[in-house]
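Here is what each chain is made of, one letter per residue.
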Amino acid sequence: MNSINKNNVCEEEVFSHLFTTNSKTVFNYIYYKFGNQEKAYDAVQEAFVKLWENCEKVTPEKAKSYVYTVANNLYLNVIKAEKVRLKHSKDLNDRSNESPEFLMEEKEYKEKLDRALDSLPENQRVTFLLNRIDGKKYAEIAEMEGVSVKAIEKRMHLALKALRAQIEGI
């Protein structure tokens, strides 16, 4: 009977473990995809609520994929009319020792990088940010996106190629 409980998402302990283990990466995935913290947080919460509501239908092995799919679908519905944009913020308070020239060059470079990232197709941008910012491996990204590792490798190659073409010094 104890082994049945561990294989049931409806058990509070199993659900809690799934939430603790996956909520941050689901949040980052949705945030990078859509660029809005509040909406990403809401989608993650709603995805886990739907997991709880459907806990009898979802096995623990499929729960992670289920949550990613639900969160992604929620955002596809929410932002139909919105343009996808990433928000980058940087704390400049600790930058008082830098020269004005350096700060200006850095700002220009950041703007150039933001434009280059915004010009990437969504799938390439998401793959690039998950790999380079979150440190996710291609296999993890492939699982999140529901595609093969080869597809992720191709996306990353195309993203890097496009970024190199648009930004000198990369």
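Here the structure is a predicted model, which is why all the values come from computation and not from measurement. (Residues numbered from 1 in each chain as written. Predicted model: local features only at pLDDT ≥ 70, side-chain atom pairs only at ≥ 80, totals over all residues. Heavy atoms only, no water.)

Q: Residues and numbers for the overall build of the protein chain, please.
A: A count of helical and extended segments in the protein chain gives 8 helices and 0 strands. The N-to-C order of helical and strand elements in the protein chain reads α-α-α-α-α-α-α-α. The buried share of the protein chain, taken over its 170 residues, is 36%. Of the contacts formed within the protein chain by residues at least 6 apart in sequence, a portion of 68% connects residues at least 24 apart. A total of about 11000 Å² of accessible surface is found on the protein chain, and carbon and sulfur atoms cover 51% of it. (Helix = DSSP H or I, 4+ residues; strand = E, 2+ residues; numbered from the N terminus. Buried < 20%, exposed > 50% of the residue type's maximum accessible area, 1.4 Å probe, protein only. Contact = heavy atoms within 4.5 Å. Areas by Shrake-Rupley, 256 points an atom, 1.4 Å probe, with all protein chains shown as cover.)

Q: How would you summarise the pattern of salt bridges if you had to cite specific residues and measurements?
A: For the coordinates displayed, the defined rule picks out 5 salt bridges. One salt bridge in this structure joins Lys 50 and Glu 46, with 3.8 Å as the shortest N-O distance. Pair noted here: Lys 50 and Glu 46 are both in helix α3 (residues 37–53), with a separation of 4 residues, about one helical turn. The partly exposed category is assigned to Lys 50, whose relative accessible area is 29%. With a shortest N-O distance of 2.9 Å, Glu 145 and Arg 155 are connected by a salt bridge. Of this pair, Glu 145 sits in helix α7 (residues 138–145) while Arg 155 sits in helix α8 (residues 149–166); the two residues are 10 residues apart in sequence, bridging distant segments of the chain. The exposure classification of Glu 145 matches that of Arg 155, with both residues buried. By sharing partners, the salt bridges in this structure join Lys 33, Glu 122, Glu 145 and Arg 155 into a single network. (Salt bridge = Lys/Arg side-chain N within 4 Å of Asp/Glu carboxyl O.)

By themselves, these are just geometric observations and shouldn't be taken as functional.
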